[in-house]
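# Residue-level structure breakdown
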Amino acid sequence: MRRYAARRAAALVATLFFVSALVFVVVRILPGDPAALIMGTEGSREASDRLRESMGLNRPLPVQYVEWLARALRGDLGRSIQYDLPVGELIASRLPVTLPLALMAAAFMVVAAVPLGLYAATRHRRAGDYATMILSQIGISVPQFWAGLLLILLFSVTLGWVRSGGFEGWSSGVGAALRSLLLPAIALGLFQAAVLVRATRSAVLDVLREDYVRTARAKGLSELRVVGRHTLRNALIPIITVAGIQLGQLLAGAIVLESVFALPGLGRLALGAITARDLPVVQGVALFIASTIVVINFAVDLVYTVLDPRIRYE
Amino acid sequence: MRRRPLAHATFTLGAAITLALVAVAGLSLLYTPADPLTMSITGRLQGPSGGHPFGTDQFGRDILSRVMAGAVTSIAVGVIAVGIGAALGVALGLLSGYVGGWLDETLMRLVDAVQGFPAILSALLFTAVFAPGTGVSMVAIGIAFVPVFARLTRGSVLELREREFVVAARALGARDRRLLLRHILPNTLAPLVVQATTSFPVAILAEAALAYLGLGTQPPHPSWGLMLKEAQNFLGMNPWFAVFPGGAIATAVLGLNLLGDGLRDLLDPKTA
């Protein structure tokens with residue numbers, strides 16, 4: 001197991017190296033001069049030259065990359081041009097919105113999807129199964145941001161129960177902050193929940209066909225015990241894998257939902273940075289989100305092999 | 001075998017919705033009830049009526065005509081994005097699986113890295129450098145599809161390269177290029193076609209999301225995502241403004257999802 005984990009860790013380091021290179025390449029090598037982009041049309045040539053000098057853009061690209069990477073590894077992602085603050089500090093200040101949003105969406109996804117998938121599998125090819133599959137098909141087809149708009153239309157515009165957006169902030173109490181994130185989390189988790197319903201149903205159906213499940217039934221065990229004890233535990237491996245991969249996708253999806261509900265998270269920080277031509281912030285947020293997704297994917301991979309030792313021997 | 005009728009029903013329903021989507025897009029190039037770009041100060045934010053079955057937007061433009069024209073944008077972005085993802089992914093997968101060794105390991109780490117960039121993140125990065133637009137959407141979404149096509153192709157190549165017909169062709173003196181393009185690639189086509197079909201609705205959802213964020217299609221060009229962005233400010237005054245473009249996205253994606261599911265069940269009996 002240790003050897004396998006070490007090999008995966010080496011692969012993770014190599015992947016993170018590529019992630020950093022891709023972020024750097026897009027911003028620095030693609031056509032266009034970052035200094036001119038930041039200065040815009042109103043900046044003079046001398047001002048652009050000074051900025052280029054201060055950003056180290058006159059040095060060879062490999063040198064720039066190594067220096068940028070070395071700084072990033074120490075947690076220094078540069079300084080925001082718009083806010084005149086360290087990018088790392090800005091990202092950290094927005095995480096208390098984005099992270100709970102993604103985690104609440106993940107919780108909604110699991111709580112809604114696993115029981116529904118289990119229910120559909122135990123009612124295979126009966127009305128309950130078809131109804132669940134139709135529901136999940138609809139869930140997969142509805143764009144998250146439209147679901148968000150419909151929730152605002154229903155709960156805010158029509159019923160007037162909640163505000164249509166904005167974040168109360170953790171300082172005004174945990175309850176108020178969680179309430180601000182509730183609708184966005186449901187809208188964000190809906191699509192991923194629909195995917196997980198299908199994965200759960202499929203995983204449980206596979207296990208239900210196994211001989212040991214037939215034996216458990218033949219022994220006279222109750223259906224609840226057969227499904228809860230013998231089926232679900234064995235079906236959990238693929239379910240955890242899909243749920244883990246979905247977690248990374250939720251982070252990216254949060255960018256859109258933050259816009260719908262006017263939440264001051266990472267996504268809105270990046271979108272604002274684009275308007276302000278604040279390249280260090282865009283670069284920092286992209287590096288942070290992409291690295292987090294890659295680390296989550298690798299963690300899922302590792303958990304998968306811990307739960308099912310056959311995989312690392314193959 | 002009992003799944004077959006269901007697979008046929010899913011495929012038929014999906015194909016019917018998809019054909020309707022293509023027909024609406026095609027029709028919109030020749031005819032729309034009104035000009036999708038013509039504004040009317042007196043007819044702003046109207047609900048559905050005989051003259052405007054889907055109502056009008058904040059500039060008095062006919063929403064039905066804009067929804068019809070938006071179908072062209074969605075299909076165009078979908079086709080080109082899936083094309084970019086498939087072309088790059090298949091090339092990477094063929095090379096990685098066939099050559100193997102350190103090149104395979106390096107390319108797969110690159111693919112793992114690209115997987116960390118969902119379409120929205122790539123579009124954010126590209127928009128920081130280029131002006132936002134439909135082109136940025138196509139490239140960003142296309143890149144997000146590369147990993148899935150690369151992995152699928154690599155897996156097929158690893159399986160096929162030791163099969164008898166490939167070994168026989170090699171023994172007869174076939175070169176690598178011929179082995180890859182004439183013997184291996186054609187045998188990976190079925191799963192690739194299914195993957196392309198299932199990627200298409202994802203591309204439509206991503207295009208709408210990017211347009212909504214202002215990173216994709218720009219006004220006044222009709223795009224379903226952009227229409228929803230505009231509708232958000234007028235939810236209280238004309239809720240229909242948000243309902244029809246969103247409904248169009250959901251219907252198109254539903255049709256394409258059903259088509260993909262049906263196709264997979266019909267082409268690959270193992271999953272049925």
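Residues numbered from 1 in each chain as written. Chains lettered and ligands numbered in written order. Predicted model: local features only at pLDDT ≥ 70, side-chain atom pairs only at ≥ 80, totals over all residues. Heavy atoms only, no water.

### A closer look at the overall build of chain A
Helices and strands together make up the secondary structure of chain A, namely 13 helices and zero strands. Going from N to C terminus, chain A has its helices and strands arranged as α-α-α-α-α-α-α-α-α-α-α-α-α. Taking the principal axes of the C-alpha coordinates as reference, chain A spans close to 85 × 60 × 35 Å. Residue pairs at least 24 apart in sequence account for 73% of intrachain contacts in chain A once pairs closer than 6 positions are excluded. Of the roughly 15100 Å² of accessible surface on chain A, 63% is carried by carbon and sulfur atoms. Separation between the mean location of the 31 positive side-chain charges and that of the 20 negative ones in chain A comes to 10 Å. (Helix = DSSP H or I, 4+ residues; strand = E, 2+ residues; numbered from the N terminus. Contact = heavy atoms within 4.5 Å. Areas by Shrake-Rupley, 256 points an atom, 1.4 Å probe, with all protein chains shown as cover. Lys, Arg positive; Asp, Glu negative; His and termini not counted. Charge placed at Lys NZ, Arg CZ, Asp CG, Glu CD.)

### Points about the packing of aromatic side chains
Under the defined criterion, the tally for this structure stands at 11 aromatic pairs over all chains. Judged by centre distance (5.6 Å) and plane angle (25 degrees), the rings of B:W240 and B:F244 are stacked. Taken together, the positions of B:W240 and B:F244, both in helix α9 (residues 240-267) and four residues apart, correspond to about one turn of that helix. Judged by its relative accessible area of 41%, B:W240 falls in the partly exposed class. Looking at B:F244, the relative accessible area reads 18%, which means it is buried. These aromatic residues form a ring-pair network of at least three members: A:F17, A:F18, A:F24, A:Y65 and A:W68. (Phe/Tyr/Trp six-rings, centres within 6.5 Å; stacked < 30°, edge-to-face > 60°. Buried < 20%, exposed > 50% of the residue type's maximum accessible area, 1.4 Å probe, protein only.)

### Regarding the interface of chain B and chain A
Where the parts come together, the accessible area they lose is often given as the size of the interface. Contacts between the two partners involve 45 residues from chain B, matched on the other side by 47 residues from chain A. Across the chain B to chain A interface the summed buried area is about 4000 Å²; carbon plus sulfur atoms make up 78%. Area buried by chain B at its contact with chain A is led by B:R109, B:L125 and B:V129, which between them contribute 14% of it. Inspection of the region where chain B meets chain A yields one salt bridge. Note that A:R198 and B:D261 form a salt bridge whose closest N and O atoms lie 2.8 Å from each other. Seen at the junction of chain B and chain A, the total is five residue pairs in polar contact (both at pLDDT 80 or more). At 11 residues, α9(B) tops the list of elements feeding residues into the side of chain B that touches chain A. Its residues assigned to classes, the side of chain B that touches chain A shows 30 nonpolar, 10 polar and five charged. (Buried area = accessible area lost by both parts, 1.4 Å probe. Salt bridge = Lys/Arg side-chain N within 4 Å of Asp/Glu carboxyl O. Polar contact = N/O pair within 3.5 Å; in protein donor to acceptor, adjacent residues only side chain to side chain. Nonpolar A, V, L, I, M, F, W, Y, C, P; charged D, E, K, R; others polar.)

### Topic: the environment of A:D301
All names here are of chain A. On the secondary structure map, D301 appears in helix α12 (residues 279-307). A residue is classified by how much of its surface remains accessible, and D301, at 26% relative accessible area, is partly exposed. As a C-alpha pair, D301 and L266 span 35 residues in sequence and 26 Å in three-dimensional space. Excluding its chain neighbours within four sequence positions, the residues that come into contact with D301 are Y4 and R8.

### Brief notes about the pattern of salt bridges
All told, the structure shown has 19 salt bridges over all chains when counted by the stated rule. For A:R163, the salt bridge is made with A:E168, and the minimal N-O distance between the two is 2.8 Å. Since its relative accessible area comes to 35%, A:E168 is described here as partly exposed. Taken together, the salt bridges that share partners define one network made up of B:D57, B:R61, B:R66 and B:E230.

### Re helix α4 (residues 119-129) of chain B
Here α4(B) lies mainly inside the structure; 11 of its 11 residues are buried. Those residues of α4(B) that sit buried are B:A119, B:I120, B:L121, B:S122, B:A123, B:L124, B:L125, B:F126, B:T127, B:A128 and B:V129.

### Overview of the nonpolar core
Residues A:F145, B:I141, B:W224 and B:I249 are the most contacted members of the largest nonpolar core, which totals 131 residues. Tallying contributions element by element places helix α7 (residues 176-213) of chain B first for this core, with 14 residues. Setting aside residues up to four positions removed in sequence, B:W224 forms contacts with B:L21, B:V67, B:G70, B:A71, B:S74, B:I204, B:P245, B:A248, B:I249 and B:A252. If you look at the next biggest cluster of nonpolar residues, it comprises 22 residues, including A:L118, A:A203, A:V207 and A:V226. (Core = buried A, V, L, I, M, F, W, Y, C linked by side-chain atoms within 4.5 Å.)

### Considering the packing of helix α8 (residues 224-232) of chain B against α9(B)
Residues and elements named next belong to chain B. Between α8 and α9, whose axes approach to 8 Å, the crossing angle comes to 155 degrees. It follows from the interaxial angle that α8 and α9 lie roughly antiparallel. For the element pair α8 and α9, the recorded crossing hand is left-handed. Residues W224, G225, M227, L228, E230 and A231 of α8 lie in contact with α9, whose contacting residues are F241, A242, P245, G246, A248, I249 and A252. (Axes fitted to C-alpha atoms, helices over the stretch in contact; angles between N-to-C directions. Parallel < 35°, antiparallel > 145°, perpendicular 65-115°, else oblique. Left-handed = near helix turned anticlockwise from the far one by under 90°.)

### Points about a nonpolar patch on the surface
All names here are of chain A. Together, L236, I240, V303 and L307 make up an exposed nonpolar region whose accessible area comes to about 280 Å². For the nonpolar patch, the elements supplying multiple residues, two or more each, are α10 (223-260) and α12. Structurally, the position occupied by I240 is in helix α10. (Patch = residues over 30% accessible without salt bridge, like charges linked within 9 Å, V, L, I, M, F, W, Y side chains within 5 Å.)

### Details of unusual backbone geometry
Cis geometry marks the peptide bond from B:P219 to B:P220; its omega dihedral reads 10 degrees. Examined against the element boundaries, B:P220 turns out to sit in the loop between α7 and α8. Despite not being glycine, A:R125 has its phi angle at roughly 60 degrees, a positive value. By secondary structure assignment, the location of A:R125 is in the loop between α5 (87-122) and α6 (127-141). Within the chain, A:A262 stands out as a residue other than glycine whose phi angle is a positive 50 degrees. For A:A262, a relative accessible area of 33% corresponds to the partly exposed category.

### Regarding the side chain of B:S223
All names here are of chain B. Mapped onto the elements, S223 comes out in the loop between α7 and α8. Of the residues examined, S223 reaches a relative accessible area of 0% and is grouped as buried. Ignoring sequence-local partners within four residues, the contact set of S223 consists of G70, T73, E207, A211 and T217.

### Considerations on the confidence of the model for chain B
All names here are of chain B. When pLDDT is averaged along chain B, the result is 90; 96% of the residues meet or exceed 70. When pLDDT is averaged over each helix and strand of chain B, the minimum, 86, is found for α4 and the maximum, 95, for helix α2 (residues 63-99). Across the interface, the model reports ipTM at 0.86; the global pTM reads 0.89. (pLDDT = per-residue confidence, 0-100.)

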